[in-house]
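Residue-level listing of the chains:
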Amino acid sequence: MEHQKGSILGGSLLVAGTSIGGGMLALPVLTSLAGFMPSLVIYLLCWLFMASTGLLFLEISQWIKGESNIITMAETTLGKTGRYFAWAVYLFLFYCLTVAYMVGCGNIVVELFQHRIPDWLGPILFVIVFAPLILIPTAWAGRLNVWLVAGLALSYLGFVLLGFRYVDLDLLRNYNWSYSLMVLPIAFTSFAYQGIIPTLASYMHHDAPSIRKAILIGSFIPLIAYVIWEGLILGIVPTEGAGGLAEALKNGNNAVYPLKNFIQSPAVYYVGQSFAFFALVTSFLGVTLGLRDFLADGLKIHKDAKGKIILALLIFTIPLMISVSYPHIFLIALDYAGGFGVALLLGLLPIVMTWVGRYHFKWMDQPQLPGGKVVLILLALFVFFELFNETKHLLERAFA
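Presented here is an overview of the structure given in this document. (Residues numbered from 1 in each chain as written. Predicted model: local features only at pLDDT ≥ 70, side-chain atom pairs only at ≥ 80, totals over all residues. Heavy atoms only, no water.)

## Considerations on the overall build of the chain
Helix and strand content of the chain: 15 helices and 0 strands. Here the chain has a C-alpha radius of gyration of 21 Å; the compact-globule value for 400 residues is 21 Å, and the two agree. When the backbone C-alpha atoms are referred to their principal axes, the chain occupies close to 60 × 50 × 50 Å. Within the span of the chain, comprising 400 residues, buried residues form 54% of the whole. For the chain, the share of sequence-separated contacts (at least 6 apart) that also reach a separation of at least 24 residues comes to 83%. Put simply, the chain shows about 17,700 Å² of open surface, and 70% of that area lies on carbon and sulfur atoms. Of note, the chain has its 22 positive side-chain charges centred 6 Å away from the centre of its 20 negative side-chain charges. (Helix = DSSP H or I, 4+ residues; strand = E, 2+ residues; numbered from the N terminus. Rg over C-alpha atoms; globule rule 2.2 N^0.38 Å. Buried < 20%, exposed > 50% of the residue type's maximum accessible area, 1.4 Å probe, protein only. Contact = heavy atoms within 4.5 Å. Areas by Shrake-Rupley, 256 points an atom, 1.4 Å probe, with all protein chains shown as cover. Lys, Arg positive; Asp, Glu negative; His and termini not counted. Charge placed at Lys NZ, Arg CZ, Asp CG, Glu CD.)

## Description of the packing of aromatic side chains
Counted according to the given criterion, the structure contains 22 aromatic pairs. An angle of 15 degrees between the planes, with centres 5.4 Å apart, marks the rings of F49 and F188 as stacked. Residue F49 is located in helix 3 (residues 36-64), and its partner F188 is located in helix 8 (residues 184-190); the two are separated by 139 residues in the primary sequence. Ring geometry for F126 versus F130: centroids 4.7 Å apart, planes at 25 degrees, classification stacked. On the criterion of helical spacing, the pair formed by F126 and F130 is a turn pair, its members being 4 residues apart in helix 5 (residues 121-130). Residue F126 shares its accessibility class with F130, and that shared class is buried. Grouping aromatic residues by their ring pairs yields a cluster made of F126, F130, F277, F278, F284 and F316. Directly above the aromatic system of Y359 lies the positively charged group of K373, at a separation of 4.9 Å from the ring centroid. (Phe/Tyr/Trp six-rings, centres within 6.5 Å; stacked < 30°, edge-to-face > 60°. Lys NZ or Arg CZ within 6 Å of the ring centre and 35° of its normal.)

## Points about the state of the cysteines
Under the counting rule described, the total for this entry stands at 0 disulfides. No disulfide involves C105; its nearest neighbouring cysteine sulfur is the one of C96, lying 16 Å away. The buried category is assigned to C105, whose relative accessible area is 4%. (Disulfide = S-S within 2.5 Å.)

## Section: the nonpolar core
The biggest cluster of nonpolar side chains holds 131 residues, and the ones touching the most others in it are L25, W229, L259, F330 and L345. Apart from residues no more than four positions distant in its own chain, W229 is found in contact with M24, L25, P28, Y156, F159, A255, V256 and F275. (Core = buried A, V, L, I, M, F, W, Y, C linked by side-chain atoms within 4.5 Å.)

## Some remarks on the pattern of salt bridges
Counted by the stated rule, this structure contains 6 salt bridges. The residue E75 makes a salt bridge to K80 at a minimum N-O spacing of 3.0 Å. For E75, a relative accessible area of 26% corresponds to the partly exposed category. Across the pair E75 and R83 runs a salt bridge, and its minimum N-O distance is 3.1 Å. When salt bridges with common partners are traced through the structure, they connect E75, K80 and R83 into a single cluster. (Salt bridge = Lys/Arg side-chain N within 4 Å of Asp/Glu carboxyl O.)

## Remarks on a nonpolar patch on the surface
A contiguous nonpolar patch, built from V41, L44, L45, L48, Y175 and W177 and spanning about 590 Å² of accessible area, is present on the exposed surface. In this structure, V41 sits in helix 3. A relative accessible area of 35% means that V41 is categorised as partly exposed. (Patch = residues over 30% accessible without salt bridge, like charges linked within 9 Å, V, L, I, M, F, W, Y side chains within 5 Å.)

## Digging into the packing of helix 5 against helix 13 (residues 305-325)
One way to put it is that helix 5 packs onto helix 13 with a least axis distance of 7 Å and a crossing angle of 150 degrees. Taken together, the axes of helix 5 and helix 13 lie roughly antiparallel to each other. Contact residues: P123, I124 and V127 in helix 5; L320, S323 and V324 in helix 13. Of the residues in the contact of helix 5 with helix 13, the class split is 5 nonpolar, 1 polar and no charged. (Axes fitted to C-alpha atoms, helices over the stretch in contact; angles between N-to-C directions. Parallel < 35°, antiparallel > 145°, perpendicular 65-115°, else oblique. Nonpolar A, V, L, I, M, F, W, Y, C, P; charged D, E, K, R; others polar.)

## Here's the deal with the side chain of K308
Note that K308 resides in helix 13. If we ignore the near neighbours within four places in the chain, the residues touching K308 are I134, L135, I136, P137, R292, H302 and K303.

So this is what it looks like as structure tokens:
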């Protein structure tokens with residue numbers, strides 16, 4: 001029997017669940033120098049942009065129909081050049097995310113051992129325990145992910161309820177607009193969900209109006225979650241001073257790490273660490289399973305016992321070497337992932353594909369984003385601005 005059409009609520013939660021993950025742990029640290037209000041403006045801009053490119057992906061998926069991934073979309077609209085570009089950027093993005101989540105989880109392992117083990121050992125122990133999960137059948141991984149997402153939601157709710165009383169509103173009044181652009185790359189990563197749109201389209205039987213609502217609602221849920229999270233962390237942990245967010249930024253730590261320096265309640269810190277664990281592990285599992293399937297399809301590797309071991313080596317060897325060599329690269333890896341990977345693959349690519357589809361192939365029957373060429377040009381300029389800003393920071397970091 002044909003599977004039942006998915007609801008708007010189910011589709012919205014699918015989009016929201018794909019967006020919310022480990023990038024959330026970096027947001028308050030990178031926004032700490034800018035402050036609460038500038039961060040909210042950047043979040044809103046990034047939500048508008050990512051919701052817009054999500055609608056462009058929806059439009060492209062309506063042209064192609066059936067099951068189609070980003071690679072198929074790129075090849076259909078842009079030919080072999082588009083396919084190779086999407087391949088290269090996809091690998092760059094997913095390997096950067098794998099490094100980031102591996103390092104982030106490794107830091108939690110080191111914290112669990114109360115820093116009695118060296119920082120480089122954390123990622124190794126984490127990979128030994130969790131890497132075998134990509135060898136299990138996808139259905140099993142899906143069931144495990146349900147429990148992990150439940151833990152993520154409960155620990156987030158618990159942290160909000162427990163931490164709310166510790167918020168100092170005076171800390172939220174500090175701001176510096178000159179640092180606001182630092183937030184863009186991580187915000188791009190934190191609002192990313194577009195890779196799920198082909199699955200969403202199939203789940204909702206290509207009902208474009210319903211999918212459109214699911215994208216807008218589902219992408220808005222993370223915005224609310226991030227604003228609350230931002231207010232809690234920036235309202236509890238001061239930016240300056242020993243153990244503050246500026247120090248966490250310098251050391252490459254996540255947003256939960258400095259809480260222990262300013263809250264005397266162990267419960268709040270441990271609930272925060274639980275949230276960090278679930279956020280990172282769910283992201284790690286999603287990224288590595290996606291990379292497994294991508295490499296298996298692209299390299300024609302059968303997912304039998306031997307093939308999965310080969311895939312595991314391809315997925316983990318280089319990221320683990322980087323994680324062991326640079327155990328504080330969490331923020332930098334996420335920065336590169338968002339600043340270049342997400343900006344190119346989920347930002348610029350759908351704009352170019354839509355332009356070619358609409359104005360070269362004349363596929364104009366189901367536009368999902370109004371505004372025509374003007375809106376597409378404005379979106380492209382926003383991407384180029386972000387890429388210029390990220391390249392500038394990369395060069396400054398390299399020659400510092």
